[in-house]
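Residue-level structural notes
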Amino acid sequence: MARNPATKVAAKATARPARRRAPRASATPAAAPDCTAEAGIAGAAAHAAAHPHGPEAFGAAIGGFLNSLSGLQVPQTKLSELQEQYVNQAATLWNGAVDQIPVGGDVQPAAPKPIGDRRFAAEDWLKNPAAAFTAQLYLLNARTLTQLADSLQGDEKTKARVKFAVQQFVDAASPSNYLALNPEAQRKAIATQGESLTQGLQHLWSDVRQGHLSQTDESVFEVGRNVATTEGAVVFENEYLQLIEYKPLTPKVHARPMLFVPPCINKYYILDLQPENSLIRHTVSEGHRTFVVSWRNPDESMQDRTWDDYIENAVIRAIEVVQQITGAKTINTLGFCVGGTLLATGLGVLAARGRHPAESVTLLTTFLDFSNTGVLDIFVDEASVQLREMTIGADAPNGPKLLKGGELASTFSFLRPNDLVWNYVVGNYLKGEKPPAFDLLYWNSDATNMPGPMYCWYLRNTYLDNALRQPGALTVCGEKLDLGKIKAPAFIYGSREDHIVPWKGAWESTKILGGDNRFVLGASGHIAGVINPPKAGKRSHWTNEKPAVSADAWLAGATEHPGSWWSGWSKWLAAFGGGDVAAPKGAGARGFAVIEPAPGRYVQQKA
């Protein structure tokens, strides 16, 4: 394990100012409902004395959820219709299964029909009438349960939660997930004389020891060897981040440098997987002097850090260091996912102080307006946020704690359980197969922790209250925040199938930032849509230079272009690079000596 970075930081006190606790960010709290229900959590009384959202509000939120749950109902006419449909389809299914039974003589059973679900695509399911019937009956039950959930009448958020829970149950109940019901896994076990089951148990035990389900062959990858390989050096570090400067790939570079702020809930190397799909390497090859934030994976020594701490001592500090190393008055900036939210907040704080260091801003799959958060909305309400605050937040009765990276990783995986959970349960454990080597999924399993107070502030003020977009609603680092004061031109990107940051939510940033904003929509999802190099020749993207009153109106007037959005972004960004200058011969500058080669120690730390 890498040594504690705090030790080295302490020895380099002259490389950064002493840590200053910034004022805690705050928003005007909503009035608590008039309710006297007990919270039912140990220490709630102590929490209530120190926190504006006490157990009464928590109890009210729980009570409100239970009331909304009890208020759900399926109209009798719809229930009768579904019952009739189920009986008819079940009878048809049974008759079809009977037709598959051999009856002897010259009468041949009807040819089996494809089941129509990739989980049951193997011939083993079709050749086994009992297995085929089981799969088809499961699909019928799954459709009926889903239709029941869709037919619920009541509170929209509660309905969404019920539908999510039903989907989780339906996906988990698939007969393909169980050895006794999976003829494909059974055949392999017989053919290998039980070796596949032995391998499956070994994979299961390995996953138990490492603490997460393997989605790829992790033994193939090593950070710094075949992922995160772009050449560079760490030129600054503090307890929050290491700042990496990359070696130029061109004899001349743009005068204005480029700073990447990746999400702090993941490792930065999603932007630098392999040389052929590295956005970092692509940017360097375009002549930009590129710096990237590599977040420290917080341990217990950082469990009390706040959102303000991350803005003041990480985002703003990184901007200042890049300016000091390069001598540039303004720099180009990029934020990805929550890294974009952090970047915009930091630029908003600096704008309130009369400072405008960004020549341009690029936001990739980023929320600034949290009114459309997709499926993640079902996890957030007053009760759930207060529960987090009372267990890991700044005012938790037992003190702040870390939000473990594995918890977040599991949550995101179960947003797509068939693709990211059960598919690997079947392959890894039932069939004893090693998952294929896939760099993106290797990164996906390399989770990071988050300080509880920082996470709780983010949860309440963005996902719950959506206050970040409201001018003056939040005080961050002692400044009233107004993102409209960020006047730099912005390139805002969203992915069409993104289930983490729905593209319409990303588009809303065009109405918040105060500069000339350009929105581009890419195909695919949250990660695959972003990591789409031009040489791959994959997917499409859409552009529309005309003003639009809504995301739908923007799309209606958009033009589709084949291939990656990277090329268009590169042309846009080049306009803000300034004149060309000779590429620096080495990394860093006076006062910012090279600490170690990229990718650095921080990215090596495991959650």
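For the structure, check the block above.
Residues numbered from 1 in each chain as written. Predicted model: local features only at pLDDT ≥ 70, side-chain atom pairs only at ≥ 80, totals over all residues. Heavy atoms only, no water.

Here we come to the overall build of the chain. Along its length, the chain carries 20 helices and 18 strands. Within the chain, the proportion of its 607 residues that are buried is 52%. Across the chain, contacts joining residues at least 24 apart in sequence account for 80% of those joining residues at least 6 apart. Split by element, the accessible area of the chain, about 26700 Å² in all, is 55% carbon and sulfur. (Helix = DSSP H or I, 4+ residues; strand = E, 2+ residues; numbered from the N terminus. Buried < 20%, exposed > 50% of the residue type's maximum accessible area, 1.4 Å probe, protein only. Contact = heavy atoms within 4.5 Å. Areas by Shrake-Rupley, 256 points an atom, 1.4 Å probe, with all protein chains shown as cover.)

A few words on the pattern of salt bridges. Counting across every chain of the model gives 37 salt bridges. With its nearest N and O atoms 3.5 Å apart, the salt bridge here joins Lys-404 to Glu-300. You can see Lys-404 sitting in the loop between β9 (402-403) and α14 (405-413) and its partner Glu-300 sitting in the loop between β6 (290-295) and α11 (307-326), a full 104 residues away along the chain. A salt bridge links Arg-460 to Glu-389, with the shortest nitrogen-to-oxygen separation between them at 2.6 Å. Taken as a pair, Arg-460 in helix α17 (residues 452-464) and Glu-389 in helix α13 (residues 382-392) lie far apart in primary sequence, 71 residues in all. Just as Arg-460 is buried, Glu-389 falls in that class too. Beyond isolated ion pairs, a larger network of salt bridges with shared partners links Arg-118, Arg-416 and Asp-419. (Salt bridge = Lys/Arg side-chain N within 4 Å of Asp/Glu carboxyl O.)

Under the 1.5 Å per step criterion, the end-to-end length of helix α12 (residues 338-352) is 21 Å for 15 residues, consistent within 8% with the ideal 21 Å. The buried fraction of α12 amounts to 14 of the 15 residues, a majority that puts the element mostly inside the structure. Just beyond α12, the residue with positive phi is Gly-354, at close to 80°. (Expected span 1.5 Å × (residues − 1).)

Before going further, it helps to spend a moment on the packing of aromatic side chains. If you walk through the whole model with that rule in mind, you get 25 aromatic pairs. Consider the rings of Phe-120 and Trp-125, whose centres lie 4.8 Å apart with planes at 75°: the pair is edge-to-face. The structure contains a cluster of three or more aromatic residues connected by ring pairs, namely Phe-491, Tyr-493, Trp-565, Trp-566, Trp-569, Trp-572 and Phe-576. (Phe/Tyr/Trp six-rings, centres within 6.5 Å; stacked < 30°, edge-to-face > 60°.)

Read across the open sheet, the 11 strands follow the order β16-β15-β14-β13-β8-β7-β5-β6-β3-β2-β18; overall the sheet is mixed. The sheet is open, and its two borders are formed by β16 (559-562) and β18 (596-597), each paired with just one other strand. Judged from the 5 bridges that link them, strand β2 (residues 232-237) and strand β3 (residues 241-246) form a sheet pairing that is antiparallel. Residue pairing for β3: Gly-232 is matched across the bridge by Tyr-246. (Pairing = 2+ DSSP bridges.)

Taken across its 7 residues, strand β8 (residues 358-364) has 6 buried, putting it largely inside the fold. Bridge analysis of strand β7 (residues 331-336) against β8 gives 6 bridges, and the strand direction is parallel. Across the sheet, residue Asn-332 finds its bridge partner in β8, namely Ser-360. Handedness of the crossover is the feature at issue here: the chain leaves β7, passes through α12, returns alongside β8, and the resulting connection is right-handed. Sheet topology note: the β8/strand β13 (residues 490-495) ladder contains 4 bridges and is parallel. Residue Leu-364 lies in a different strand from β13, and its bridge partner there is Tyr-493. (Right-handed = clockwise from strand over helix to strand, strands pointing away.)

So, on to a nonpolar patch on the surface. On the surface, Leu-201, Leu-204, Trp-205 and Val-208 cluster together to form a nonpolar patch covering roughly 420 Å² of accessible area. Position of Leu-201 relative to the elements: it lies in helix α9 (residues 195-210). Taking relative accessible area as the criterion, Leu-201 reaches 58% and is therefore assigned exposed. (Patch = residues over 30% accessible without salt bridge, like charges linked within 9 Å, V, L, I, M, F, W, Y side chains within 5 Å.)

The nonpolar side chains of a soluble globular protein tend to be buried, and buried together. Leu-243, Leu-259, Trp-295, Ile-311, Leu-342, Val-361 and Val-476 are the most contacted members of the largest nonpolar core, which totals 81 residues. Looking at this core element by element, the count peaks at 11 residues for α11. (Core = buried A, V, L, I, M, F, W, Y, C linked by side-chain atoms within 4.5 Å.)

Across the junction of Ala-598 and Pro-599, the peptide omega takes the value 10°, indicating a cis bond. Residue placement: Pro-599 occurs in the segment after β18. Although it is not a glycine, Asn-466 adopts a positive phi angle of roughly 50°. One can find Asn-466 in the loop between α17 and β11 (474-476). With a relative accessible area of 13%, Asn-466 lands in the buried category. The phi dihedral of Ser-524 is positive, around 75°, even though this residue is not glycine. Structurally, the position occupied by Ser-524 is in the loop between β14 (517-522) and β15 (540-543).

This part takes up the environment of Lys-571. With respect to the secondary-structure elements, Lys-571 resides in helix α20 (residues 566-574). A C-alpha to C-alpha distance of 9.5 Å links Lys-571 and Glu-286, two positions 285 residues apart in sequence.

Turning our eyes to something else, we now look at the environment of Ser-550. Looking at the element boundaries, Ser-550 is found in the loop between β15 and α19 (551-556). Using a relative accessible area of 27% as the deciding quantity, one classes Ser-550 as partly exposed. Separated by 46 residues in sequence, Ser-550 and Lys-504 have C-alpha atoms that sit 8.5 Å apart.

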